[in-house]
Amino acid sequence: AACTAAFVLHPTWYTGMAAGWAAAWVGTGIQHTANHGGVGKGFINALLGFGDDIACGGSSLVWRYHHMVSHHVYCNDDVHDMDVFSTTPIFRLDTQQPKLWYHRFQWLYMWAAYSTLWASIQYSDWEAFFKRAVPGVRMHGLTYREQAVFLLGKAVHLALNAALPIYLHGARAWLPAFAAYTLTGSL
């Protein structure tokens, strides 16, 4: 919260980097454990899992289908596990995937490619929301509440990370900070 406040009140490349690092920590630690149900009971898990929506800009709803169904049911399956096949053919993450000539350089270009993760997540979340599916998994039985939480999360994230800083400081001050946020948070 402190990094986001600093980013909103004083958008610079270094507050953007701090907010990006904080978002990465929330995404890989807090929301991951909470959306697995491992932090507490009921509301606490939901609240901390919502950190994906606010801090990272992802969707806790889409993440649960993607990660808990696609990844955990088909862990490391190069055909069904989204975590393995979603980067193909840019990256080769499994020995059963075809090896292309440029994969021997992926250790070099991975930094540039992974820096686009924020934008990729925005696109794939909206695609999943409208299609009611992530690759290989249908999102059956979505409630109006879950859909409202998806929309609220996207709105709050964009308000905190784009609309409010632009309103307060202008697009010229915001853009380098936002670039630092998305690039740092994606790595």
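These numbers were taken from a predicted model, which means no experiment stands behind them.

Enquirer: Explain the state of the cysteines to me, and be specific about the residues and the numbers.
Expert: Tallying each qualifying case throughout the model produces 0 disulfides. Cysteine 56 forms no disulfide, and the closest cysteine sulfur to it belongs to cysteine 3, at a distance of 12 Å. According to the relative accessible area criterion, cysteine 56 is buried, its value standing at 15%.

Enquirer: I'd like to hear about the nonpolar core, residue by residue, with values.
Expert: Phe7, Cys56, Trp174, Phe178 and Tyr181 are the most contacted members of the largest nonpolar core, which totals 13 residues. Of all the secondary structure elements, the ones that give two or more residues to this core are helix H1 (2–9), helix H2 (13–35), helix H4 (51–56) and helix H10 (171–186). Top element by residues in this core is H10. It accounts for 4 residues. Discounting residues that sit within four places of it in the chain, tyrosine 181 has contacts with Phe7, Gly16, Met17, Ala19, Gly20, Ala23, Ala55, Cys56, Trp118, His157 and Asn161.

Enquirer: Could you give an account of the side chain of glutamine 97, with specific residues and numbers?
Expert: Residue placement: glutamine 97 occurs in the loop between helix H6 (82–85) and helix H7 (106–114). On the accessibility criterion, glutamine 97 (6% relative accessible area) is buried. Discounting residues that sit within four places of it in the chain, glutamine 97 has contacts with Asp78, Val84, Phe85, Thr88, Phe91 and Arg92.

Enquirer: Describe in detail the packing of aromatic side chains, supporting the description with residues and values.
Expert: Per the stated rule, a full pass over the model turns up 14 aromatic pairs. An angle of 55° between the planes, with centres 6.4 Å apart, marks the rings of tyrosine 102 and tyrosine 109 as tilted. Taking the relative accessible area as the measure of exposure, tyrosine 109 reaches 23% and is therefore partly exposed. When the centroid spacing of 5.8 Å and the interplanar angle of 25° are considered together, the rings of tryptophan 126 and phenylalanine 130 count as stacked. Taken together, the positions of tryptophan 126 and phenylalanine 130, both in helix H8 (residues 117–131) and 4 residues apart, correspond to about one turn of that helix. On the basis of relative accessible area, phenylalanine 130 is assigned to the exposed category, the value being 60%. An aromatic cluster is present here, built from Phe7, Trp118, Trp174, Phe178 and Tyr181 joined pairwise through their rings. In this arrangement the basic side chain of arginine 132 is found over the ring face of phenylalanine 129, its NZ or CZ atom lying 4.7 Å from the centre.

Enquirer: Report on the pattern of salt bridges, specifying residues and quantitative values.
Expert: Summed over all chains, the structure comprises 2 salt bridges. The salt bridge involving aspartate 125 is made with lysine 154; its shortest N-O contact spans 2.8 Å. A residue pair is termed long-range when its members are at least 10 positions apart, and aspartate 125 in helix H8 and lysine 154 in helix H9 (residues 144–169) qualify at 29 residues.

Enquirer: Which residues make up H10, and what values do they have?
Expert: The end-to-end C-alpha separation of H10 is 21 Å, in line with the 22 Å expected for 16 residues at 1.5 Å each. Among the residues making up H10, those that are buried are Trp174, Ala177, Phe178, Ala180, Tyr181, Thr182, Thr184 and Ser186. Packed against the buried residues of H10 are H1, H2, H4, H7, H8 and H9.

Conventions used here
- Residues numbered from 1 in each chain as written.
- Predicted model: local features only at pLDDT ≥ 70, side-chain atom pairs only at ≥ 80, totals over all residues.
- Heavy atoms only, no water.
- Disulfide = S-S within 2.5 Å.
- Buried < 20%, exposed > 50% of the residue type's maximum accessible area, 1.4 Å probe, protein only.
- Core = buried A, V, L, I, M, F, W, Y, C linked by side-chain atoms within 4.5 Å.
- Helix = DSSP H or I, 4+ residues; strand = E, 2+ residues; numbered from the N terminus.
- Contact = heavy atoms within 4.5 Å.
- Phe/Tyr/Trp six-rings, centres within 6.5 Å; stacked < 30°, edge-to-face > 60°.
- Lys NZ or Arg CZ within 6 Å of the ring centre and 35° of its normal.
- Salt bridge = Lys/Arg side-chain N within 4 Å of Asp/Glu carboxyl O.
- Expected span 1.5 Å × (residues − 1).

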